[in-house]
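Fold and geometry: a report
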Amino acid sequence: MQSRIKTVALVLVCMCFNVTAYGEDAHEIMIKNYYIDQGRDNTSDMRMELIKKSGKKRVREVTFWKLERGDEDKSLMVFRKPAMDKGVAFLTWEHRYKDDDQWLYLPAIKRVRRISSAEKHKSFMGSDFSYNDMILPHPEEFVDILLGEETVDGKQCWLIENIHKTYTGDPEYKSWKKYQYSKTRSWIIKDSYMLIKTEMFDKKGHPVKVYHATDIRQVDGYWTLMKMEMENLKTGHRTIFEITDVKYNIGLTEDFFNQQELRKER
Amino acid sequence: MEHQNGNSKNQKLVRFASWVVDHKILVVLFCLLVGGGSIAVSLDLVMDNSLEAYFMNDDPSFAYYKDFMKEYGNDEFLYIVYTHKKDVFNLDVLKVTQKLVADLEEVPFVKKIHGLTNVEFMESNELGDLKIFDLMADFPETQEQADQIKKKLMAKPIYVESFISKDGKYAAVLCEVEDKPDDDPNYHQKIGHGLKQVLGKSEFKDFRFWPVGEPVLNSEFYELIEESAVVIAGLSFVLTFGFLVVLFRQTKAFFGPWLVVMFSILIVVGFIGVMGYPITAMFQMMPSLLIAIGVATSVHLINEYQIHLRAGNDNRSSILKSVELVGIPCLFTTITTAVGIGSLTVSPVKAIKEYGRFSMFGVMGIFLFSFTIMLVVLAVSGKRTERHFEKQRKRNSEGRQHLVFLDKLLAGIAALNKKHYGKILIVVGIFSAICIYGITRLEINSSYLEEIGDSAKIYQDYRFVDDKMGGSGNFELLLNSGEPDGVKTLQFAKTLEKIQSFIDSKDDFVRKTNSINDIIKDVNQSLNNNDKAYSRIPDSDQAVSQYILLYEMSGGEDLEKLVSADIAEARLTILTKYSDTKTAEKFNNELEAYIPTILPEGYTYNITGASYMLVKSMGHIEKTQIESITLALGVISLMMIVVFRSIKVGLVSMLPNVFPIVVTLGFMGLAGIWLDYVRTLIACIAIGLAVDDTIHFIFRYKMEFKRLGSYEKALDVTMSDVGRAITITTIILMMGFGASMISKINDMHYFGMLASMCIFVALLSDYFICPALILLTKPFGKEFDSLDVSHQSSVISNSSPLTEN
């Protein structure tokens, strides 16, 4: 209990200090990052490389559609490669306050199955990204501390430490399951509020993963992640996502993101 | 010329000894500096008894094992089987289990923990929705809910005997561990210590734990080594030094050798530190080896020193004369001992190679300190020593009274040799034939567990886990389809299934197998209303592939551990009973015979894993034994031939040293004692030591023959003088090595017993084979008439046997 009080006190002191020292509120920066405009909808092709410590890798290619709905986005992903998995389709309805809804269509059995998974710390498609990494929790769940300013890949960034409230002793989060990371350190680009780098720390406080967005560009006026990499420091495994053929506001509707659509060949 | 060379070498040594006696403080400072420096560089010594300590980096099977770990991760694990006074699925017990799983995260290097409360579970509900979740993500609120979960778990073959025993009484927690960091060889100890701390918490007192896994076994093994090395070294010290005190009845006769041994051990430890060697199981034999050799060397020096003092010489000249007399023989025996032990450096086993190096260094250290610090000890309080021996002379040499019995025995042996040398050699021949038969039955085998012994808790834990749950040894079979994504085909799944079924049928050894097929079958069962009948491979390539994808899409995280990055290869983990390497080798051979018969074209396979690596290492033991013995015998024989300038004498001097090895290895074969890492050292150490006594014996014999002209008369004098010295050194060596017999580690126990036996047989060889061969072959030339010098002792002759021509 005593250590929790200390942690909260430390966080408060750090927050006051950081706000006055740098004239920016770390939490506000994280909120701006969270709500970066991604258009009404978008589509892209995504290439995913899973690379083992040995250097050997496997590749997946999917086409991705997304409907932006604030905290309740909908997305559809259809597999192109490997050939044996062509046509497998994955539909997700994100929910902020309950488990996401997910459906999977497997051409092999020609059936749509609803998948129920509440484990957001689990791997996303066998990659080094977890669901928590792909769909960041809302900033209100974190205490953010501005640690300073640094340059990453030639870009001026704020360096912010994020501690999930399940670790700060916040009574509101007492019944919550401990967040996957005890803390993260985020580098946010000053002129775009895009996240360029994150270091994740496990429950023992050891660095466990490093995320790095190596190509961030504006497409149709929207800041877009074109290439990103996640490295698991414990296993040496890496995942690289490469995005191509990005299009925004192509007129997708709610109807596109239903179970019937999963079966259609694209 | 030889005479001049020998004399010149002798004089150099004597001049050096004279300098030492005149510069005592400088010599002490030098020794303290060397000792202190050694301590300083050895502060970071680390223990490592993992496979890495035994395999050279360029060993192909080890290189493959390392590649395997790079591809699939560390194959080491912690596996903790437990039960509770109440049922393991009792609601209260489950709550504490949840705490246990959380607390295990405190154990260093633990990466991921899988227990009843968080194991990944897959099922479909009544609507057909597939659900993948941590088994108790929704923690049961009632006992009824807990019982429901138990029922579900036991209905899935993938979990039975992995996380829950067949009878449901025992459960298990599996901890994955991080790769061993290159800069932290204390990895196993840290894990073992951390685990003990967690399991020892008061809140888990009603649990009964059986923890197994390489980190636990190695950590326990280290503790035993540390404990037994100290006890053995202590006993070896008390026995050998106690004997010295009784024998020489002089404080400095104890203090000098003690300093020699202590400084030698220190420089070996320093050498290990400088070279960056880890401390392995082999290290535990080093202190008793150096104590035995150090004391044995000192005996020669102190014996001569006291003889000269008794004869009325002053302290300084007694020291110099003893150096003159035994200096060169001691140098020569140091070299032969170093060659014997150094022959181990040809071993392909890294730990044995390193043991050979640092022990050789230690043997040379003993020579260095015997002729520095030892002389300083003899030099101080010289006046008092002279007075002591003056009084003793007046008491009519009472110091030798206790050796009367030995003198009579040696005289009897000499008489027996003279009368029956032919018969002695026939008996030796028959005995050798029996022992050679024994050698053909010698088994190369090893088992850490058997070495620790069945009274140890860890031994019982392993046997229990092997009996009730998934097994504690592991083989890894890698089946390769030859093309990317080849694993995701029906043909591959069926081939893997055949192999897995074959392995599962070996249920007297194999406890559990695990592969990508188990996941495919689990997905199939879950997609079909959890019906056990669907726990099988689906019937199309597409289905196999998409079931794997489904598993990953659902958050399944084990795929990387089960298939290669390009999905051309799949891993089949075979959990077995922890066995000796012979049993493991038999299983491996069965596997190697079966798999090629069912392998489709283009498919290949490899076997690795910790248990397999132990099997591979056994081949290295055989190679080590043959190559090191050959090298030691070859080099020492050559040295003998050169020094004696006679092939005949050289060979005659070697035969008595081959006999003890034949007897020891033959005895091991007949008694069913395995040849393993530790025992493979015995022969080379024994050659190196035994040959010393033979050298002393033959040199003296040759010298006495030249003086007396008769083989029989020369034998009487040699047996009387050298026989006494070699008997004493043999007793000291036997006590030094015999101390290891109290070790809790079977390996060390047998090492002590067999090394002592080998050295004792070497003494018998010097008593019987050496004289019998000399009497038979007459290698020093024809007999001649000489002045009657009777059978008087020549021990105080001022000439060194090595320089006598």
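Right, let's walk through the structure included here.

The rules behind each value
- In this numbering scheme, every chain counts its residues from 1 along its sequence in written order.
- All chains are assigned letters beginning at A, and all ligands numbers beginning at 1, according to the order in which they are written.
- The predicted nature of this model means local features are confined to residues of pLDDT at least 70 and side-chain atom pairs, given and counted, to a pLDDT of 80 or more, with totals for whole chains, interfaces and linings taken over all residues.
- The basis for the side-chain values is all heavy atoms of the structure; hydrogens and waters are excluded.
- A run of H or I in DSSP counts as a helix once it spans at least four residues, and a run of E counts as a strand once it spans at least two, with each numbered from the N terminus.
- The classification of residues rests on relative accessible area computed with a 1.4 Å probe and restricted to protein chains. Under 20% of the type maximum is buried, over 50% is exposed, and intermediate values are partly exposed.
- Throughout, a residue-residue contact means that at least one pair of heavy atoms, one from each residue, lies within 4.5 Å.
- By the criterion applied in these results, polar contacts are pairs of N or O atoms within 3.5 Å in which, for protein atoms, one can donate a hydrogen and the other can accept it, and in which residues neighboring in sequence qualify only through two side-chain atoms.
- Axis definition: a line fit to C-alpha positions, over the contact stretch in the case of helices; interaxial angles, taken between N-to-C directions, run 0 to 180 degrees.
- Note on angle classes: values under 35 degrees are labelled roughly parallel, values over 145 roughly antiparallel, values of 65 to 115 roughly perpendicular, and the remainder oblique.
- We call Phe, Tyr and Trp rings a pair once their centres come within 6.5 Å, taking the six-membered ring for Trp, and we label the pair stacked below 30 degrees between planes, edge-to-face above 60, and tilted otherwise.
- Defined in terms of a 1.4 Å probe, buried area is the accessible area two parts forfeit on being brought together, summed over both.
- We define a salt bridge as a side-chain nitrogen of Lys or Arg found within 4 Å of a carboxyl oxygen belonging to Asp or Glu.
- By definition here, a helix of n residues has an expected span of 1.5 Å times n minus one.
- The arc in question is the one traced by the directions running from the helix axis out to the C-beta atoms.

**Here's the deal with the environment of B:Asn445**
Residue and element names in this part refer to chain B. Tracing the sequence through the fold places Asn-445 in the loop between helix H14 (404-440) and helix H15 (448-452). Here Asn-445 falls in the buried class, since its relative accessible area comes to 2%. Distance in space between the C-alpha atoms of Asn-445 and Leu-614 is 9.5 Å, their sequence separation being 169 residues. When sequence neighbours within four positions are dropped, the list of residues in contact with Asn-445 reads Asp-580, Thr-581, Lys-582, Met-618, Trp-674, Leu-675 and Asp-676. A distance of 2.8 Å separates the side chain of Asn-445 from the side chain of Thr-581, its partner in a polar contact.

**Thoughts on the packing of helix H21 (residues 581-598) of chain B against helix H22 (residues 610-644) of chain B**
Residues and elements named next belong to chain B. Interaxial distance between H21 and H22 falls to 9 Å at its minimum, and their mutual angle equals 105°. By the angle between their directions, the pair H21 and H22 is classed as roughly perpendicular. Facing H21, whose interface residues are Thr-581, Ala-584, Glu-585, Asn-588 and Glu-592, H22 presents Tyr-612, Leu-614, Val-615 and Met-618.

**As for the packing of aromatic side chains**
Two numbers describe a pair of aromatic rings. These are the distance of the centres and the angle of the planes. Scanning the entire structure with this criterion turns up 51 aromatic pairs over all chains. Judged by centre distance (5.4 Å) and plane angle (90°), the rings of A:Phe142 and A:Tyr179 are edge-to-face. Separated by 37 residues along the polypeptide, A:Phe142 in strand E7 (residues 142-152) and A:Tyr179 in the loop between strand E8 (155-164) and strand E9 (183-189) bring together distant segments of the chain. Here A:Phe142 and A:Tyr179 have matching classes, each one buried. Taking the centre distance of 5.5 Å and the plane angle of 65° together, the rings of B:Tyr82 and B:Phe207 count as edge-to-face. Placement of the pair is B:Tyr82 in strand E1 (residues 77-84) and B:Phe207 in strand E6 (residues 207-212), with a sequence separation of 125 residues. Overall, the relative accessible area of 8% leaves B:Phe207 in the buried class. Site record: aromatic cluster; members linked through ring pairs are B:Phe697, B:Tyr701, B:Phe705, B:Tyr711, B:Phe780 and B:Phe784.

**Comments concerning the interface of chain B and chain A**
Residue-level contacts link 45 residues of chain B with 39 residues of chain A. When chain B packs against chain A, close to 3700 Å² is buried across both sides, 51% of that on carbon and sulfur atoms. If you sort the residues of chain B by the area they bury against chain A, B:Gln546, B:Leu549 and B:Met553 come out on top, with a joint share of 18%. At the boundary of chain B with chain A, the tally comes to 7 salt bridges. In this structure, the salt-bridge partner of B:Glu71 is A:Lys52, at a minimum N-O distance of 3.7 Å.

**Notes on helix H2 (residues 24-41) of chain B**
Side chains three or four residues apart in an α-helix point the same way, a direct result of the helix having 3.6 residues per turn. All names here are of chain B. Counted at 1.5 Å a residue, the expected span for H2 with its 18 residues is 26 Å, and the 26 Å between its end C-alpha atoms agrees. Here H2 has its buried residues at Val-27, Cys-31, Gly-35 and Ser-38. Axial view of H2: buried residues confined to an arc of 65°, hence all on one face. The exposed residues of H2 that point more than 90 degrees off its buried face are Ile-25, Leu-32 and Leu-33.

**Describing the environment of B:Leu130**
The topology assignment puts B:Leu130 in strand E4 (residues 130-134). On the accessibility criterion, B:Leu130 (0% relative accessible area) is buried.

**Overview of the pattern of salt bridges**
Applying the stated criterion to the full structure yields 48 salt bridges over all chains. Of the charged contacts in the structure, one is a salt bridge between A:Arg60 and B:Glu552, with a shortest N-O distance of 2.2 Å. Taken together, the residues span two chains, with A:Arg60 in strand E2 (residues 57-67) and B:Glu552 in helix H19 (residues 541-553). Assigned by exposure class, A:Arg60 and B:Glu552 land together as buried. Here B:Lys488 ties to B:Asp485 by a salt bridge, and the two come within 3.8 Å at their closest N and O atoms. You can call B:Lys488 buried: its relative accessible area is 5%. Overall, B:Asp485 belongs to the partly exposed group, its relative accessible area being 24%.

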